[in-house]
Amino acid sequence: MTESAVLLNKHEVERYLSYEDLIPRLESVLGKFSKRDSSEIIQPVRSVVPIQQHNGFLGVMPAYLAAEGILCTKMVTFYQRAEGSSLPSTQATVLLFDPEHGHVTAIMDGEAITAKRTAAVSAISTKLFMPALSKVLCILGSGQQARSHYDVFTKLFKFKEVRVWSRRREMAHRFVNDLQGPVRVCSSVKEAVMGADVIVTATGASEPILFGEWVKSGAHVAAVGACRPDWRELDDVLMREAVVYVDSREGGTAESGDIVLSGAQVFAELGEVINGSFPAQREKTTVFKSLGMGIQDAVSAKLVLEKWNSEH
Ligand SMILES: NC(=O)c1ccc[n+]([C@@H]2O[C@H](COP(=O)([O-])OP(=O)(O)OC[C@H]3O[C@@H](n4cnc5c(N)ncnc54)[C@H](O)[C@@H]3O)[C@@H](O)[C@H]2O)c1
Ligand SMILES: O=C(O)[C@@H]1CCCCN1
């Protein structure tokens, strides 16, 4: 049945997926997910196949949203690239199915979806947990996620200063040269994060790069990288002292080295805060540990297909 499926490339997906449309849908689906009603949403923790020989992984991320009539799976590969590699470290394809009959209705690029939905979910966490009167945003990393986070964070929030650190300084400069607004390139993580109100970690690191002793009390950290149980971006001090939120408790405890290896307790899911069953402890130092979820891809892909349908 794939001959009737709509095929959408990265450029088209980017064009159809706006943060204005995406954020409310993500908030709604995260809230529903946290109610754990299996007649509404089925989304297992992703299956991950290690490709040890090539420092890579293949993840398969299915999701079914009964009320919305969305059946979806993303297939995503992520690789630890050598420094200086021009290949994207995360590549993905999303399939949408007709839940009633089982055939594929759309096949679309998943890189743009992954970049935008991850940044949009971090923006939701930041809206909930960042300190009042936040002035300084710091982004660690200068890749795809750093860019999508920069885009949505500067669109939604009014920071007075934006800082970026990347392990290769020239990559940080290349990143900044591509942007409209002013951004300060920092030469160390410490310099970048000291005094920052909101910190995004979006790196391929597998050892801690962000240390609790540098993080201002009350800051919010949106931690996007380190998606394997033996990888870290954040140190034990930060993980143990902060109030830790996750996108999914199952994902966090299965896949996050920052959680598993530090022994940190997960306080709540974003959806539980959205539903009002757990508080947003905005006055404390907070970490949102993001792993990524199939439901996020599913609502994003549905949105893209709806937009495409409205034009064809
Ligand atoms: N949470 C989610 O839903 C989600 C979604 C997509 C990607 N990710 C993860 O986010 C991270 C960034 O993804 P991306 O697509 O932007 O990748 P990218 O390759 O485009 O960028 C990676 C950045 O990390 C830096 N980096 C790589 N290794 C490093 C190290 N050892 N120490 C410090 N910096 C290092 C690179 O220089 C680059 O700036 C990856 O870990 C990826 O797996 C998470
Ligand atoms: O949710 C995702 O799409 C990503 C893919 C790369 C690894 C981490 N999670």
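Residues numbered from 1 in each chain as written. Chains lettered and ligands numbered in written order. Predicted model: local features only at pLDDT ≥ 70, side-chain atom pairs only at ≥ 80, totals over all residues. Heavy atoms only, no water.

### Here we look at the nonpolar core
To be explicit about the condition: Definition of nonpolar core: a set of buried residues of the types Ala, Val, Leu, Ile, Met, Phe, Trp, Tyr and Cys, connected through side-chain atoms within 4.5 Å. Throughout, exposure labels follow a simple rule: accessible area from a 1.4 Å probe, protein chains only, divided by the maximum for the residue type, with under 20% read as buried, over 50% as exposed, and the rest as partly exposed. In this document the domain limits rely on a domain assignment from an automatic tool or a database. Every residue pair with non-hydrogen atoms within 4.5 Å of one another is taken to be in contact.
Ranked by size, the top nonpolar core spans 66 residues in total, and within it Leu65, Met108, Phe153 and Ile295 carry the most contacts. Shared between two domains, this core takes at least three residues from each, and those domains are domain 1 (6-113 + 295-311) and domain 2 (115-293). Every residue in contact with Leu65, bar those within four places of it in the chain, is listed here: Val29, Glu40, Ile41, Ile70, Ile295, Ala298 and Val299. In this structure, Ala192, Ala205, Val221 and Val244 belong to the second largest nonpolar core, which totals 28 residues.

### Topic: unusual backbone geometry
Stated formally: Where helices and strands are cited, they refer to DSSP runs of H or I of at least four residues and of E of at least two residues respectively, numbered from the N terminus.
Even without glycine at this site, Asn55 takes up a positive phi of about 55 degrees. Inspection of the secondary structure assignment puts Asn55 in the loop between strand E3 (47-51) and strand E4 (56-65). Phi is positive for Leu133, which is not a glycine, with a value near 60 degrees. Position of Leu133 among the secondary structure elements: in the loop between helix H3 (111-129) and strand E8 (136-140). Its relative accessible area of 79% is what places Leu133 among the exposed residues.

### A look at the pattern of salt bridges
Note the cut-off: Any carboxyl oxygen of Asp or Glu that lies within 4 Å of a side-chain nitrogen of Lys or Arg is treated as forming a salt bridge with it.
Scanning all chains against the criterion turns up 25 salt bridges. With a closest N to O distance of 2.8 Å, Glu306 and Arg25 form a salt bridge. Of this pair, Glu306 sits in helix H11 (residues 294-311) while Arg25 is found in helix H2 (residues 19-33), placing the two residues 281 residues apart along the sequence. With a shortest N-O distance of 2.4 Å, Arg36 and Glu269 are connected by a salt bridge. Residue Arg36 is located in the loop between H2 and strand E2 (41-42), and its partner Glu269 is located in strand E14 (residues 266-269); the two are separated by 233 residues in the primary sequence.

### As for the pairing of strand E9 (residues 161-165)
Using the following cut-off: A pair of strands is considered paired only if DSSP assigns at least 2 bridges between the two. For crossovers, right-handed means that the path from the first strand over the helix to the second runs clockwise, given strands pointing away from the viewer.
For E9, the tally of buried residues reaches four of five residues, placing the bulk of the element in the interior. Inspection of the sheet shows E8 paired to E9 by five bridges, in the parallel sense. Residue Cys138 lies in a different strand from E9, and its bridge partner there is Arg163. Considered for its hand, the β-α-β crossover made up of E8, helix H4 (residues 144-156) and E9 is right-handed.

### Quick notes on H3
Given 3.6 residues per turn, any residue in an α-helix points the same way as the ones three and four places further on. Here is the rule: How far a helix is expected to stretch is found by multiplying one less than its residue total by 1.5 Å.
A rise of 1.5 Å per residue sets the reference length of H3, with its 19 residues, at 27 Å; its end C-alpha atoms lie 27 Å apart and thus fit the reference within 8%. Of all 19 residues in H3, 17 are buried, a share of seventy percent or more.

### Describing the sheet that holds strand E10 (residues 184-185)
As summarised here, the arrangement of the eight strands in space is E10-E9-E8-E11-E12-E15-E13-E14, forming an open sheet in which the pairing is parallel. Edge strands, defined here as strands with exactly one partner in the open sheet, are E10 and E14. Note that strand E11 (residues 198-201) and strand E12 (residues 220-223) share four bridges and pair parallel. Counted as the bridge partner of Val198 is His220 from E12.

### A word on the pairing of E8
In terms of burial, E8 is largely enclosed, as five of its five residues are buried. Taking every second residue as pointing to the same face, both faces of E8 are buried, with Val136, Cys138 and Leu140 on one and Leu137 and Ile139 on the other. As judged from the four bridges shared by E8 and E11, these two strands associate in the parallel manner. Bridge assignment links Leu137 to a residue of E11, and that residue is Val198.

### Describing the site of ligand 2
Here is the rule: It suffices for a single heavy atom of a residue to lie within 4 Å of a molecule or strand for the residue to be listed as near it. By the criterion applied in these results, polar contacts are pairs of N or O atoms within 3.5 Å in which, for protein atoms, one can donate a hydrogen and the other can accept it, and in which residues neighboring in sequence qualify only through two side-chain atoms. In short, Shrake-Rupley with a 1.4 Å probe defines the accessible areas, and a residue's cover is counted only from the protein chains shown. Here the term charged refers only to Asp, Glu, Lys and Arg, the term nonpolar to Ala, Val, Leu, Ile, Met, Phe, Trp, Tyr, Cys and Pro, and the term polar to all other amino acids, Gly among them.
Taken together, the residues surrounding ligand 2 are Arg46, Met61, Lys74, Val76, Phe78, Thr114, Arg117, Cys227, Leu291 and Gly292. Between ligand 2 and Lys74 there is a distance of 2.5 Å, counted from an oxygen atom to a side-chain nitrogen or oxygen. Within the backbone of Leu291, an N or O atom sits 3.0 Å from a nitrogen atom of ligand 2. For ligand 2, whose accessible area on its own is 260 Å², the fraction buried by protein is 92%. When residues of the shell around ligand 2 are traced back to their parent elements, those giving at least two are strand E5 (70-79) and H3. Among the residues making up the shell around ligand 2, the classes are represented as five nonpolar, two polar and three charged.

### Here's the deal with the packing of H3 against H11
Note the cut-off: Interaxial angle, 0 to 180 degrees, is taken between N-to-C directions of lines fitted to C-alpha atoms, where a helix line uses only the stretch in contact. Any angle from 65 to 115 degrees is called roughly perpendicular, while one under 35 is roughly parallel, one over 145 is roughly antiparallel, and all others are oblique. Take the far helix as your reference; a near helix turned counterclockwise from it by less than a right angle gives a left-handed crossing, and one turned clockwise gives a right-handed crossing.
Here H3 crosses H11 at 115 degrees, and the two axes come no closer than 10 Å. Considering their axes alone, H3 and H11 lie roughly perpendicular with respect to each other. At the point where H3 passes H11, the crossing takes the right-handed sense. Where H3 approaches H11, its residues Ile113, Thr114, Arg117 and Val121 are matched on the opposing element by Gln296, Asp297, Ser300 and Ala301. In the contact of H3 with H11, the residues fall into three nonpolar, three polar and two charged.

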